[in-house]
Amino acid sequence: MAETAPLVATQASPTTPSKRITSIIKLLVESPGLTNIPSTHTFTLNSHDQVVSDTEEPVPVIDYSLLISSSPDQRSKIIHDLRKACQDWGFFMVINHGVPERLMRSMIDACREFFDLPEEEKQEYEGKHVLDPIRCGTSFNTSVEKVFCWRDFLKLFVHPVFHSPSKPAGFSENLLEYSKRVREVARELLKGISESLGLGTNYIDKAMNLEQGLQVSIANYYPPCTQPELAMGLASHSDHGLLTILIQNGVSGLQVQHKGKWVNMNGYPNSFLVNTGDHLEILSNGKYKSVEHRAVVNKKAARISLVMAHGPSLDSVVTPAPELLDREGNAPAYIEMKYGEYLELQQSSKLDGKSCLDQVRI
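In this text, all values refer to a predicted model and were calculated from it rather than measured experimentally.

### Brief notes about the pattern of salt bridges
- For the coordinates displayed, the defined rule picks out 20 salt bridges.
- Residue arginine 75 is joined to glutamate 195 by a salt bridge in which the shortest nitrogen-to-oxygen separation is 2.9 Å. Here arginine 75 is found in helix α3 (residues 72-88), whereas its partner glutamate 195 is found in helix α6 (residues 171-196), with 120 residues between them in sequence.
- Arginine 361 is paired through a salt bridge with aspartate 358; the nearest N and O atoms lie 2.7 Å apart.
- For arginine 361, a relative accessible area of 33% puts it in the partly exposed group.
- Connected via shared salt-bridge partners are Glu281, Lys354, Asp358 and Arg361.

The following block contains the structure:
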């Protein structure tokens with residue numbers, strides 16, 4: 001795919017270290033004698049939240065090699081599969097995506113090395129604002145949360161301008177290559193999804209200005225927890241943007257809301273786990289729903305996941321596609337809003353299902 005190369009910012013000018021601790025969970029877990037988790041990290045789940053299953057219904061699998069195939073029949077089948085996956089699940093696995101396994105492994109290793117850095121080095125990248133292009137921290141948004149998630153994170157804006165910490169060695173180079181390869185996959189998937197909506201192959205790409213689209217890398221560290229039934233790695237939420245693509249270190253923990261139950265998601269080796277975002281729901285006028293998901297923790301092993309979130313350009317005004325409304329004779333179900341404004345609204349709030357999307361429903 002022809003794509004303009006991302007602008008590359010100088011590797012993260014370190015901010016002045018503050019006295020705040022950015023990796024609270026990692027330090028908490030490594031403290032001696034921890035048997036009970038603190039009340040600040042104890043979630044109270046209702047009975048609905050505790051319903052978990054390993055669904056007998058097969059999770060949709062998209063063969064990327066067929067999506068980009070020169071065979072019209074093969075591509076047509078995958079377009080149909082994408083439509084069904086977006087309508088029925090809002091979630092699917094992608095196989096044969098062409099991103100090298102060694103690159104995926106090296107990125108997970110690089111994320112682990114970042115979280116293993118001394119606290120004072122990670123403090124250099126503590127963000128001050130939810131839209132800072134480099135932000136290391138804990139939970140989701142500690143300024144508004146009363147109960148904190150069992151998670152440390154590193155968030156980076158990697159497109160249209162590439163930002164990265166300068167440590168650990170090799171992190172930036174690997175991330176630049178990985179983010180470019182994953183962005184190519186995301187744009188091809190969105191072309192297929194656009195076609196599945198009857199909007200034409202390039203409609204979403206052009207309407208959302210994906211040439212300048214925002215791509216955010218989120219590395220998540222979920223250490224072992226002595227009382228995993230009381231903690232939450234990341235509370236229930238839907239994602240901003242169009243598509244989110246996830247890999248992990250072989251330790252499961254992702255759960256997706258499907259037909260009123262939480263379903264454990266375990267991807268095939270070397271596959272991508274993909275979920276639809278709020279702005280795909282808005283653009284499709286609710287035809288494709290963004291999916292609620294969460295991260296749970298365990299007693300035995302640390303889970304590391306690397307998420308690539310793909311959205312419109314920050315200044316794109318996102319509305320239900322007029323062509324879709326005209327064809328189906330429906331009124332818009334969502335108000336228009338700049339993607340950047342929605343992103344700031346969501347990132348400034350606490351995680352609470354689809355509460356942010358609810359604010360733009362008509």
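### Describing the confidence of the model for the chain
- With 88% of its residues at a pLDDT of at least 70, the chain reaches an overall mean of 88.
- Ignoring residues within four places in sequence, the model shows residues 1-21, a span with pLDDT below 50, making 51 contacts including any to other chains.

### Regarding the packing of α3 against α6
- In the contact formed by α3 and α6, the axes pass within 9 Å of each other and the chain directions differ by 80 degrees. By the angle class used here, α3 and α6 are roughly perpendicular. For the pair α3 and α6, the contacting residues are Arg75, Ile79, Leu82, Arg83 and Cys86 in the first and Leu189, Lys191, Gly192, Ile193, Glu195 and Ser196 in the second.
- Of the residues assigned to the contact of α3 with α6, the class counts are five nonpolar, two polar and four charged.

### Examining the nonpolar core
- Formed by 84 residues in total, the largest nonpolar core has its most connected members in Phe92, Tyr178, Leu189, Ile193, Ile204 and Phe272.
- Setting aside residues no more than four positions away along its own chain, phenylalanine 92 makes contact with Pro60, Ile62, Leu82, Ala85, Cys86, Leu189, Phe272, Leu273 and Val274.
- Leu28, Tyr222, Ala235 and Ala295 belong to the second largest nonpolar core, which has 14 residues in total.

### What about the side chain of threonine 138?
- Tracing the chain through its elements places threonine 138 in strand β5 (residues 134-138).
- In terms of polar contacts, threonine 138 uses its side chain to reach the backbone carbonyl oxygen of arginine 151, at 3.0 Å.
- Side chain to side chain, threonine 138 and aspartate 152 meet in a polar contact 2.8 Å long.

### Here we look at the pairing of strand β4 (residues 91-95)
- Most of β4 sits inside the fold, with four of its five residues counted as buried.
- Here three bridges tie strand β3 (residues 61-63) to β4, and the two strands are oriented parallel to one another. Within β4, the residue paired with valine 61 across the bridge is methionine 93.
- Inspection of the sheet shows β4 paired to strand β13 (residues 272-276) by four bridges, in the antiparallel sense. Looking across to β13, one finds that methionine 93 is bridged to leucine 273.

### Remarks on the sheet that holds β5
- With mixed pairing, eight strands are arranged side by side in an open sheet as β3-β4-β13-β10-β15-β8-β6-β5. The sheet is open, and its two borders are formed by β3 and β5, each paired with just one other strand. If you compare each strand with its neighbour and ignore which way they point, the axes differ by 25 degrees on average.
- In the sheet, β5 pairs with strand β6 (residues 152-159) via five bridges, with the strands oriented antiparallel. Across the sheet, residue cysteine 136 finds its bridge partner in β6, namely leucine 154.

### Some points on helix α10 (residues 339-347)
- Among all positions in α10, only Tyr339, Gly340, Tyr342, Leu343, Gln346 and Gln347 are buried. Buried residues of α10, viewed axially, fall in a sector of 160 degrees; they line one side.
- Each element contacted by the buried residues of α10 is listed here: β5, β6, α8 (278-283), β16 (317-318), β17 (337-338) and α11 (355-358).

### Here we look at the packing of helix α4 (residues 101-115) against α6
- Contact pair α4 / α6: the axes reach a minimum separation of 10 Å and the direction vectors enclose 135 degrees. Of the possible angle classes, the one that applies to α4 and α6 is oblique. Read as a crossing pair, α4 and α6 show a hand that is left-handed. The segment α4 lies against α6, with Arg102, Leu103, Met104, Ser106, Met107, Ala110, Cys111 and Phe114 engaging Phe171, Asn174, Leu175, Glu177, Tyr178 and Arg181.

### Details of the packing of aromatic side chains
- Tallied over the full model, the rule gives four aromatic pairs.
- Between phenylalanine 114 and phenylalanine 115 the ring centres are 5.7 Å apart and the planes differ by 80 degrees, which places this aromatic pair in the edge-to-face class. Residue phenylalanine 114 shares its accessibility class with phenylalanine 115, and that shared class is buried.
- Note on phenylalanine 114 and phenylalanine 171: the rings are 6.3 Å apart at their centroids and 45 degrees apart in plane angle, and the pair reads as tilted. In this pair, phenylalanine 114 is assigned in helix α4 and phenylalanine 171 in helix α6, connecting sequence segments 57 residues apart.
- Residue class for phenylalanine 114 comes out buried when judged on its relative accessible area of 1%.
- Within the aromatic cluster, the residues linked to one another by ring pairs are Phe114, Phe115, Tyr125, Phe171 and Tyr221.
- A cation sits over an aromatic face here: lysine 155 above phenylalanine 153, 5.3 Å from the ring centre.

Calculation criteria
- Residues numbered from 1 in each chain as written.
- Predicted model: local features only at pLDDT ≥ 70, side-chain atom pairs only at ≥ 80, totals over all residues.
- Heavy atoms only, no water.
- Salt bridge = Lys/Arg side-chain N within 4 Å of Asp/Glu carboxyl O.
- Helix = DSSP H or I, 4+ residues; strand = E, 2+ residues; numbered from the N terminus.
- Buried < 20%, exposed > 50% of the residue type's maximum accessible area, 1.4 Å probe, protein only.
- pLDDT = per-residue confidence, 0-100.
- Contact = heavy atoms within 4.5 Å.
- Axes fitted to C-alpha atoms, helices over the stretch in contact; angles between N-to-C directions.
- Parallel < 35°, antiparallel > 145°, perpendicular 65-115°, else oblique.
- Nonpolar A, V, L, I, M, F, W, Y, C, P; charged D, E, K, R; others polar.
- Core = buried A, V, L, I, M, F, W, Y, C linked by side-chain atoms within 4.5 Å.
- Polar contact = N/O pair within 3.5 Å; in protein donor to acceptor, adjacent residues only side chain to side chain.
- Pairing = 2+ DSSP bridges.
- Arc of directions from axis to C-beta.
- Left-handed = near helix turned anticlockwise from the far one by under 90°.
- Phe/Tyr/Trp six-rings, centres within 6.5 Å; stacked < 30°, edge-to-face > 60°.
- Lys NZ or Arg CZ within 6 Å of the ring centre and 35° of its normal.

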